[in-house]
4 protein chains.
Amino acid sequence: MLQQATGLFIAETHTDAVTWHFTVEQMLVSGKTQYQEYQICEIPTFGKTLFLDWKIQSSLLDEHIFHECMSQPAMTVHPHPKKVAVCGGGEGATLREALKHRTVEKAVMIDIDEELVDMVKLHMPEWHQGAFEDPRTTLLHTDARKYLEENKGAGFDVVLSDLPDPLEAGPAVYLFTKEYFQACADAMSDDGVLALQAGAANMSYPYCFSSVVATLRDMRDTFPVVRPYWAIMTTFLLPWGFVLASKKHDPLELTEEEVAKRFAARGVNTRYYTPRFHESVFTLPEYLLEAIDRHGRVLTDAKPFIWGA
Amino acid sequence: MLQQATGLFIAETHTDAVTWHFTVEQMLVSGKTQYQEYQICEIPTFGKTLFLDWKIQSSLLDEHIFHECMSQPAMTVHPHPKKVAVCGGGEGATLREALKHRTVEKAVMIDIDEELVDMVKLHMPEWHQGAFEDPRTTLLHTDARKYLEENKGAGFDVVLSDLPDPLEAGPAVYLFTKEYFQACADAMSDDGVLALQAGAANMSYPYCFSSVVATLRDMRDTFPVVRPYWAIMTTFLLPWGFVLASKKHDPLELTEEEVAKRFAARGVNTRYYTPRFHESVFTLPEYLLEAIDRHGRVLTDAKPFIWGA
Amino acid sequence: MLQQATGLFIAETHTDAVTWHFTVEQMLVSGKTQYQEYQICEIPTFGKTLFLDWKIQSSLLDEHIFHECMSQPAMTVHPHPKKVAVCGGGEGATLREALKHRTVEKAVMIDIDEELVDMVKLHMPEWHQGAFEDPRTTLLHTDARKYLEENKGAGFDVVLSDLPDPLEAGPAVYLFTKEYFQACADAMSDDGVLALQAGAANMSYPYCFSSVVATLRDMRDTFPVVRPYWAIMTTFLLPWGFVLASKKHDPLELTEEEVAKRFAARGVNTRYYTPRFHESVFTLPEYLLEAIDRHGRVLTDAKPFIWGA
Amino acid sequence: MLQQATGLFIAETHTDAVTWHFTVEQMLVSGKTQYQEYQICEIPTFGKTLFLDWKIQSSLLDEHIFHECMSQPAMTVHPHPKKVAVCGGGEGATLREALKHRTVEKAVMIDIDEELVDMVKLHMPEWHQGAFEDPRTTLLHTDARKYLEENKGAGFDVVLSDLPDPLEAGPAVYLFTKEYFQACADAMSDDGVLALQAGAANMSYPYCFSSVVATLRDMRDTFPVVRPYWAIMTTFLLPWGFVLASKKHDPLELTEEEVAKRFAARGVNTRYYTPRFHESVFTLPEYLLEAIDRHGRVLTDAKPFIWGA
C-alpha cells in the first residue's frame, strides 16, 4: 500500500499541519511578473489550474464556485446594478460573472499585473470567456486602491474586491484595511454593495477572514450591513470566506424566490450560488462565528494583516 | 519563497490531483493490527491525530465535527432513543455522542478490531472520554454485519454505522451494500433511524457518497426517508458525506426550536451540529445533487463499492 | 528544524528506499517526444538539468564526470581511434568528448529521438559545444542497433553506447543484450573498443550493472578484455557503472604516464578522468565485485534486463 | 508513469537542489534527547536506520562502510595501537571496529548523549555487537573535548572522532576546530593517529570537508601527515569525507601487502576497506582537491564551521 512519488509536483504549504503536493500533468506556462510568480498547468481531475506565488488560485473544476460567490451575492442583492468595479480579479471570471447581469452598463476592472492578465487572456480563455472584449468593460492596469481613491464619487453600485491574499511580499497587504474599504465606499453609490474574498474559512486558519469581518463591522456608519459568507471549494482543500458589506441592501432579506426572480429578469445562470443555496451560503458554522469573536481585529494601514505572520 | 521539506511526514493520496503531506511532530504509536495499519501522532495545529491505512481519520481539532454529525442528527430525530448500536466507531467518540442522550439505556458498540480499540483506549482518551466505561455500554469485537444479522429483531432505535471507507483490502467493503443496510433495518425498531458516514463529499470524489445515497433510496419500502447531509471538515481537507435513512422520522421536519428542545431535555451539548446549524447540514450544494444523479449506483454484495477502483 | 515544502519539484523514485525531490527553480521546457517525456530545467546548485522519463540524466554541475567516463577510457586505450560511433548520447556531450581526440576522422552519432536532440541543440548548448557542427560528425536518427546491424564491417575503432536505462516502456531494452553487443563488435575494427553506461553502481541497485558485466564476460571470444569501472556522480546521488569491452587493448595496462602522453598528443583535457585518477576509476569496491558474482546474469533478447522488474 | 506518495516518510534536505524522502516501513522508536532528535526505523532495502536531527546517520545496509573507514585506516597505520579514544560514535560501531584489533588494551568512548547511547544499546545491537560490554571498553558520557583537555598526556595511540556534523544547534560545532584537534593531539602518544569524519564529499557540498583538511594542514608541526580520504556510501546518497592526521605514520606508505599482514596478525576482517581497496580510499577526484584549495579555511573556536551557513 506504500507508494512513492514520481513526476512533477507543486507543493503548497497552507499551515504547519499539511503541505499539498499537486500533480502537474503538464506545465503550460510558468514565470515571474513584476508582482508575482505564476504557473498555469494541467492537473488531473482539476484540469487547467493557475498558481500564484505557490498558492492554488483557480481550476477549471470549481472556479465557478469561487467566482459566483465572489460576484453573485453582491450583484444580486443590489436591485439595479449598473456600474461595477472589479478590483484585481486577474482571471477575468469575476468580471464575467458580473457581466451576466443585463443591468450592467459599465464594468471597470483594475488589476495591477498587466503581464499576468495578458497570460490569462492567452492561456485561460475558459475563465474570461470573452469578458475582456465585452463593450461594457474597461480594463485598467494600476493599483486598485489608488484608482478608487482617485475616483471618489464615481458611484459604483457594486465593488468586487478579488485580490490575492495579503502575503508579506505580495501586492495586496494594503487592500485589506479599513482605509481601503473606506476608499471602496467613497467610490460607491449611496446604496452600493462591496464584496471581497477574505481568505480561508477552515479551523486551521480563520485569521484573515475573522479580521476582515471585524474590520468591516467596525465601520458601522459606512456599512450598516456586514454579512460574512463562505463557499466550499474542492481545489482549495478548504472552505473559503467572503464578506459582503453594504450601505443599504441586506442579502439576508432576500428570499429564494426573489433571488430566482432577479436571476431570471437579468439573464443570470449559476451552478453553485443558486436561489436554493443562497441562504446556506450565508449560514456559517459555530467555529467561524467564534473565530470572528476571538481572532477578529480591526485592520488598518498601520496594522495590516500579513498572511502567516 | 521556495522551501524544501525536513522532518517526518505522512503522505495521503486522495485523488490523482493531490497528495497531502501531514507534518508529524511526534509519532506516539504506530503499527499494524490484523485489519489495518495505524498511526497515532501529534500534528501541529491538528493536535493528536489518528491515521488508518494512510487515511486521516480523526484529529483533536475537529473530531467533534465528524462525530457530532455521525451521531446527533439520527439520535435527535428519534423521539426517544433507548437502544443504540454503533457499528465500527473505534475511537469511541460516536459512542460518546450517542451516550450524551439521557434517554439511552443500552448502547452496543461492535468493532471488529480489538487491537485498535485497545490502542485507542490507551492513547486517545480525549475521544472516548470514558464512554467505554459507561454502564450502558457493551463493547463487542466481531464483524458488525454478522452481529446485526444474528440479532434480527433486536429493536435498535438508532444504528450508527461509523466504518472505514470501503478500501479494497480493508474490512468494510461489504458494510456499504444493500444487504448490509437491510441487516441494519432488520435489527432496528419500527421507527428506527440509521446514519452512516458515506465518504468524501467534494467535487473530486463524490462517488462513494453518491452510491450510498442511491442504494438507500432504492430501499424505499425499508427506508421511506433518506436524507444525505454533510460536514465541513478541516483535517480531511474536504467536506464529508453522511446519510440518514429512517423508517419514519424525517429530520427535515425538525425545526431549530425542536432540536434545541430535545437537546435541552436530554442534556446534549454540541459545537458544530447545533440547532441553528441543523438545516444547513442537510442543505447540499448542486454539485452533490448532480453527482448523486449521475454517479449513484445501487451497491450490492455482488457489486460493492471499492474505493479508488 | 521541521520545515515544509513550497515550490515546484520533480520527484524521482530510485528504489523503494528513497525518493528524490529535485527543486525546480525554473522550468525551461518540458514535453513528450515519441519516445520519452523530458524536462529541461534550472536546479539550484546543479544548474541546467535534463530529466528523461522522470530520471535525472545530466546537469551542468557534473555532466563532465559522466561524459568523460563515458568516452575517455575507451578513446584513450585505443592507440589511434579514427572512426567512432556514439549510440544514443542525445545531449551531444559524449560526442564532444570523443571529438577531443585529434585522431578522430569520423564520428557517427545514432540517436533515435530526433525531437529530443533538436531540443538539446536549442536548449543545451553547454553540452554539445558545437559537436553537432563538427565536420567530422554525422548525426543519424534511427535505431542504433539497427544501424550497427546494417553496418557490419564498418570498422569503428570505438563504439560508445550512451543509452537510457532499459526501462520497460523505454526505447533501450534490447540495447543491453548479448545480441546488441555482438552487433557492436561486428561493426568494430579488429582492435575495437566498446564502452557503455551500465546503470547505478550503488549497493541498493547494482543489478543492471552486474548483468551487463556478466553478459560481456560471457562473450570472451568476442571481447577478451572486459573492465567494469565507475564514476562518482553528485547529481545522480549515487556512483554510476560503466563497462569497457575490448577486442585487444586493456586499460589496466595503461600507466598514468601513458594516459597523460596520449592526452597531450591528441589535445585532450579532462576534469575527472585524469591520468592520475585513471587507475582509481577501474578500482571497484568489494560490494560491486560481489554483486557481479551474485546478481550478474547473461542478458539476451529473450531474457533482457528490465529496470525495476 | 506518474505516481503519488502514500505512507510515512522522513524528509532530509541536503542542499537547495534536492530533498530526500526516505520511506519509513516501520518506526521503531523516535524522540528527543537533551541534544538531538532521533528516529530508529526500518527502511526498505536499507534495513534498520538511524536518523539524528533529520540527517540519515547509519543503516544496516552500509554502516560497515562508514565505520570501517572511520576506524580502520587510523588503526591499521599505527604499528601497535594499544590505547584508543572514540569521541562520539554513539552507535558503538566505531568502537566495534577499533576493538577488532587484538593489540587494543583500552578503548575509551566519550559520547555526551547518554540517552541516545541507551537507545542504541537497546535497539541497535547489530551495530555495537557487544562492544559496550567488551572488558577493554570504558564508556563515558561527557563532552569529548572537555575529556581530552582534562586528559592531556593520556597517550592515546589512536583517536577516532566520529561526531555529528557541526549543525548550528547541535553539540559538535566546537569539535571541528583547531583548538579541538590540538586537544586531541595533546592526549595522544608521540606517534598517535587521529581520524575523523569530516562531512559530505560530493560536488554540491564539499565545504565542511575542505575546511577540516585545511585546518589540519595548517597544524603542520602537530600533524606532519594529513591525508584526506573518502568512502562511497549508498545510504548517504553521496560520498563521505574523512581525514587522517598523524604525528608520524603515513597511510600512503602502507602497501596492500602490509595492510593484509596487519589485518591477519590482529584478527581484523573488513568488507569495504580491504587491503586491495586501501589505496583507492586515499585517491580523491580532482574536484575534491580543487575544493580543498578553493573552499578550505582554517577553523577556529572564534570562526568555526556551521553546517549550511
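Residues numbered from 1 in each chain as written. Chains lettered and ligands numbered in written order. Predicted model: local features only at pLDDT ≥ 70, side-chain atom pairs only at ≥ 80, totals over all residues.

Colleague: Looking at this structure, I do not really get the overall build of chain A. What am I missing?
Modeller: When helices and strands are counted, chain A shows 10 helices and 13 strands. Since a compact globule built from 309 residues should have a radius of gyration of about 19 Å, the 18 Å found for chain A is in line with a globular shape. With the principal axes as the frame, chain A shows a C-alpha extent of 55 × 45 × 40 Å. Classification of the 309 residues of chain A by burial places 61% in the buried group. The long-range share in chain A, meaning contacts at least 24 apart out of those at least 6 apart in sequence, stands at 67%. (Helix = DSSP H or I, 4+ residues; strand = E, 2+ residues; numbered from the N terminus. Rg over C-alpha atoms; globule rule 2.2 N^0.38 Å. Buried ≥ 20, exposed ≤ 12 C-beta atoms within 10 Å, placed from the backbone. Contact = placed C-beta atoms within 7 Å.)

Colleague: Sorry if this is basic, but what is going on with the sheet that holds strand E13 (residues 238-246) of chain D here?
Modeller: Within a beta sheet, neighbouring strands are joined by backbone hydrogen bonds and run either parallel or antiparallel to one another. All names here are of chain D. Pairing in this open sheet of 7 strands is mixed, and the strands run E9-E8-E7-E10-E11-E13-E12 from one edge to the other. Of all the strands in the sheet, the pair left with one neighbour each is strand E9 (137-140) and strand E12 (225-233). Direction aside, the axes of adjacent strands within the sheet are offset by 15° on average. Note that strand E11 (residues 188-200) and E13 share 7 bridges and pair antiparallel. (Pairing = 2+ DSSP bridges. Axes fitted to C-alpha atoms, helices over the stretch in contact; angles between N-to-C directions.)

Colleague: What is the right way to read the nonpolar core from this model?
Modeller: Nonpolar side chains in soluble globular proteins tend to end up buried together. Formed by 441 residues in total, the largest nonpolar core has its most connected members in A:Phe242, B:Phe242, C:Phe242 and D:Phe242. Those residues in contact with D:Phe242 that lie beyond four places of it in its chain are D:Cys69, D:Met70, D:Ala195, D:Leu196, D:Gln197, D:Ala198, D:Tyr229, D:Trp230 and D:Ala231. (Core = buried A, V, L, I, M, F, W, Y, C linked by C-beta atoms within 7 Å.)

Colleague: Would you mind showing me how to read the relation of the copies chain B and chain D here?
Modeller: Note on the chain copies: they are related by a rotation about an axis and a translation along it. Least-squares fitting of chain B to chain D yields an RMSD of 0.0 Å, with the transformation described by 0.0 Å of translation along the axis and a rotation of 180°. Both chain copies can therefore be described as sitting about a two-fold axis. Of every C-alpha in chain B, the one belonging to B:Phe9 sits nearest the axis of rotation, 2.6 Å from it. (Least-squares fit on C-alpha atoms with pLDDT ≥ 70 in both.)

Colleague: Is there a simple way to explain the packing of helix H7 (residues 207-217) of chain B against helix H10 (residues 286-295) of chain B in this structure?
Modeller: Relative placement of two packed helices is described by the angle separating their axes and the distance separating the axes. Residue and element names in this part refer to chain B. Taken N-terminus to C-terminus, the directions of H7 and H10 make an angle of 70°; their axes are 8 Å apart at the nearest point. Accordingly, the angle class assigned to the pair H7 and H10 is roughly perpendicular. Across the interface between the two elements, Tyr207, Ser210, Ser211, Val213 and Ala214 from H7 touch Ala291, Ile292 and His295 from H10. Each residue belonging to the contact of H7 with H10 can be placed in one class, and the counts come to 5 nonpolar, 3 polar and no charged. (Parallel < 35°, antiparallel > 145°, perpendicular 65-115°, else oblique. Nonpolar A, V, L, I, M, F, W, Y, C, P; charged D, E, K, R; others polar.)

Colleague: Looking at this model, I keep getting lost on the environment of C:Leu238. Mind explaining?
Modeller: Locating C:Leu238 in the fold gives a position in strand E13 (residues 238-246). Each C-alpha atom of the pair C:Leu238 and C:Arg276 lies 22 Å from the other, and the pair is 38 residues apart in sequence.

Colleague: What is the right way to look at the relation of the copies chain C and chain D in this model?
Modeller: Overlaying chain C with chain D gives an RMSD of 0.0 Å, the required rotation being 180° about an axis along which the chain moves by 0.0 Å. The overlap is high: 100% of the interface residues of chain C also sit at the interface in chain D, so the same surface is used on both sides.

Colleague: I keep staring at the interface of chain C and chain D and nothing clicks. Help me out?
Modeller: As a measure of interface size, the accessible area lost when the parts come together is often cited. Each partner contributes to the interface: chain C provides 34 residues, whereas chain D provides 35 residues. Among the secondary structure elements, those contributing two or more residues to the side of chain C that touches chain D are strand E2 (18-23) and E13 of chain C. It is E2(C) that provides the largest number of residues to the side of chain C that touches chain D, a total of 6 residues. Of the residues in the side of chain C that touches chain D, the class split is 18 nonpolar, 11 polar and 5 charged. Relative to strand E2 (residues 18-23) of chain D, E2(C) is paired through 5 bridges, and the arrangement is antiparallel. The residue bridging C:Val18 from the neighbouring strand is D:Phe22, located in E2(D).

Colleague: For this particular structure, what's the right way to read helix H10 (residues 286-295) of chain D?
Modeller: Residues separated by three or four positions in an α-helix point in the same direction, a consequence of the helix having 3.6 residues per turn. Residues and elements named next belong to chain D. Of the positions making up H10, those classed as buried are Tyr287, Leu288, Ala291 and Ile292. Each buried residue of H10 sits inside an arc of 140° when the element is viewed along its axis, so together they form one side. Residues of H10 that are exposed and point more than 90 degrees away from the buried face comprise Asp293 and Arg294. For H10, the elements touching its buried residues are helix H7 (207-217). (Arc of directions from axis to C-beta.)

Colleague: Got a minute to help me understand the domain arrangement of chain A in this structure?
Modeller: Residue and element names in this part refer to chain A. With domains assigned, chain A is organised as domain 1 (9-59) and domain 2 (63-295). A separation of 23 Å is found between the C-alpha centroids of domain 1 and domain 2. Facing 21 residues of domain 1, the contacting portion of domain 2 comprises 22 residues. Where the side of domain 1 that touches domain 2 is concerned, the elements lending two or more residues are strand E1 (7-15), strand E3 (26-32), strand E4 (37-43), strand E5 (47-52) and strand E6 (55-59). (Domains from an automatic or database assignment.)

Colleague: In this structure, what is going on with the environment of B:Ala245? I would like to understand it.
Modeller: All names here are of chain B. For alanine 245, the location among the structural elements is in strand E13 (residues 238-246). With 147 residues separating them in the primary sequence, alanine 245 and alanine 98 have C-alpha atoms 17 Å apart. Residues in contact with alanine 245, not counting those within four places in the same chain, are Phe181, Leu194, Leu216, Phe223, Val225 and Val226.

Colleague: It is not clear to me how the interface of chain B and chain D should be interpreted in this structure. Could you clarify?
Modeller: On the chain D side, the residues contacting the 15 residues of chain B number 16 residues. Put simply, the parts of the chain that give the side of chain B that touches chain D at least two residues each are strand E1 (7-15) and strand E3 (26-32) of chain B. If you tally residues by element for the side of chain B that touches chain D, the top one is E1(B), at 7 residues. Along the lines of polarity and charge, the residues of the side of chain B that touches chain D split into 7 nonpolar, 6 polar and 2 charged.

Colleague: Would you mind showing me how to read the sheet that holds strand E5 (residues 47-52) of chain D here?
Modeller: Residues and elements named next belong to chain D. Strand order in this open sheet of 4 strands is E3-E4-E5-E6, and the pairing throughout is antiparallel. Strands with a single pairing partner mark the edges of an open sheet, and in this sheet they are strand E3 (26-32) and strand E6 (55-59). Sheet twist, expressed as the average angle between the axes of neighbouring strands with direction ignored, equals 20°.

Colleague: It is not clear to me how helix H6 (residues 178-186) of chain D should be interpreted in this structure. Could you clarify?
Modeller: Where H6(D) is concerned, the buried positions are D:Tyr180, D:Phe181, D:Ala183, D:Cys184 and D:Ala185. Turning to H6(D), the residues buried within the fold contact helix H5 (144-149), strand E10 (156-162), E11, H7 and E13 of chain D.

Colleague: Hey, could you run me through the pairing of E13(C) in this one?
Modeller: A regular strand places its side chains so that they alternate between the two faces of the sheet. All names here are of chain C. Buried residues dominate E13, accounting for 9 of its 9 residues. Pairing between strand E12 (residues 225-233) and E13: 9 bridges, direction antiparallel. By the bridge assignment for E13, isoleucine 232 is matched with proline 239. Linking E12 to E13, which pair antiparallel, is a turn of 4 residues; within it leucine 237 sits at a positive phi near 65°.

Colleague: Explanation requested: the pairing of strand E1 (residues 7-15) of chain D in the structure shown.
Modeller: Within E1(D), 7 of the 9 residues are buried, which leaves it mostly tucked inside the rest of the structure. One ladder, built from 5 bridges, connects E1(B) with E1(D); its direction is antiparallel. Counted as the bridge partner of B:Gly7 is D:Ala11 from E1(D). Here E1(D) runs beside E2(D); their pairing, made up of 6 bridges, is antiparallel.

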